[in-house]
Structures are given as C-alpha cells and as structure tokens.
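# Secondary and tertiary structure notes
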Amino acid sequence: MRELFRSNDPVLMSFARSILRDAGIETVVLDQNISIMEGSIGIFQPRMMVASDSWNEAVDVLEGADLGEWVNRDGKN
C-alpha cells in the first residue's frame, strides 16, 4: 500500500474516494478513527491509501479532477 494523500477534510476524502472508485481503483482510509477520537483538532490526519501498483493511475485520476495538489509525492508509504 502507498499513501496517496492525507486530509482532515471529510468532503475531500469522500470526493476523492468516489472518483477513484469510479475509475476502478480501490482505496483504504487509515487513521480515520484516531482522528475522531482525538477530537478532530487536526493532529492525526486520515490517510488515503492505494495499492502500490495503482498509485500512478490514482495520481492521474486525481490530477484529472484538479486534485493533484493533494497528492503525497515524497515517496513515503
């Protein structure tokens, strides 16, 4: 799995998941529950993950939806 992006914005997360799902790319959101438990003060941002072999395609899909600025390109997993 590879991190695609992270955000505390639930609308952004839902929109990105929907776009990626429509493109046939499965996603997993990690750290969502800890974000809720810490009171949503922003310390823990939920991370959207995709399979490593789907990462390039997922980036292309998000860039096509004008969401490329959110993509984590530093290579961290």
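Residues numbered from 1 in each chain as written. Predicted model: local features only at pLDDT ≥ 70, side-chain atom pairs only at ≥ 80, totals over all residues. Heavy atoms only, no water.

Moving on to unusual backbone geometry. Positive phi values are uncommon outside glycine, yet D66 reaches one of about 60°. Its place among the elements puts D66 in the segment after α3 (55-64). (Helix = DSSP H or I, 4+ residues; strand = E, 2+ residues; numbered from the N terminus.)

Throughout the structure, instances matching the rule amount to three salt bridges. For R6, the salt bridge is made with E3, and the minimal N-O distance between the two is 2.6 Å. When its relative accessible area of 38% is taken as the criterion, R6 is described as partly exposed. Taking the relative accessible area as the measure of exposure, E3 reaches 2% and is therefore buried. (Salt bridge = Lys/Arg side-chain N within 4 Å of Asp/Glu carboxyl O. Buried < 20%, exposed > 50% of the residue type's maximum accessible area, 1.4 Å probe, protein only.)

Quick look at the sheet that holds strand β1 (residues 2-6) now. Pairing within the open sheet is antiparallel, and its three strands lie in the order β1-β3-β2. Of all the strands in the sheet, just β1 and β2 (27-30) have a single pairing partner and so form its edges. In this sheet, adjacent strand axes meet at a mean angle of 30° when their direction is disregarded. Examined bridge by bridge, β1 and strand β3 (residues 47-50) share four bridges and lie antiparallel to one another. (Pairing = 2+ DSSP bridges. Axes fitted to C-alpha atoms, helices over the stretch in contact; angles between N-to-C directions.)

Residues of β2 alternate between two faces, with T27 and V29 buried on one and V28 and L30 left unburied on the opposite face. In this sheet, β3 lies alongside β2 in antiparallel orientation, the contact comprising four bridges. In the strand pairing of β3, V29 is matched with M48.

This next bit is on helix α1 (residues 10-22). Over its 13 residues, α1 extends 18 Å from the first C-alpha to the last, a length consistent with the 18 Å expected when each residue adds 1.5 Å. When we look at burial in α1, the residues that qualify are L12, M13, A16, I19 and L20. Projected down its long axis, α1 carries its buried residues within an arc of 135°, all on one side. With respect to the buried face of α1, the exposed residues turned more than 90 degrees away are P10, V11, R21 and D22. Buried residues belonging to α1 abut β1, β2, β3 and α3. A distance of 2.9 Å separates the backbone nitrogen of V11 from a side-chain oxygen at the start of α1, and that oxygen is part of D9. Remark: G24 follows α1 within two positions and exhibits a positive phi of approximately 85°. (Expected span 1.5 Å × (residues − 1). Arc of directions from axis to C-beta. Contact = heavy atoms within 4.5 Å. Polar contact = N/O pair within 3.5 Å; in protein donor to acceptor, adjacent residues only side chain to side chain.)

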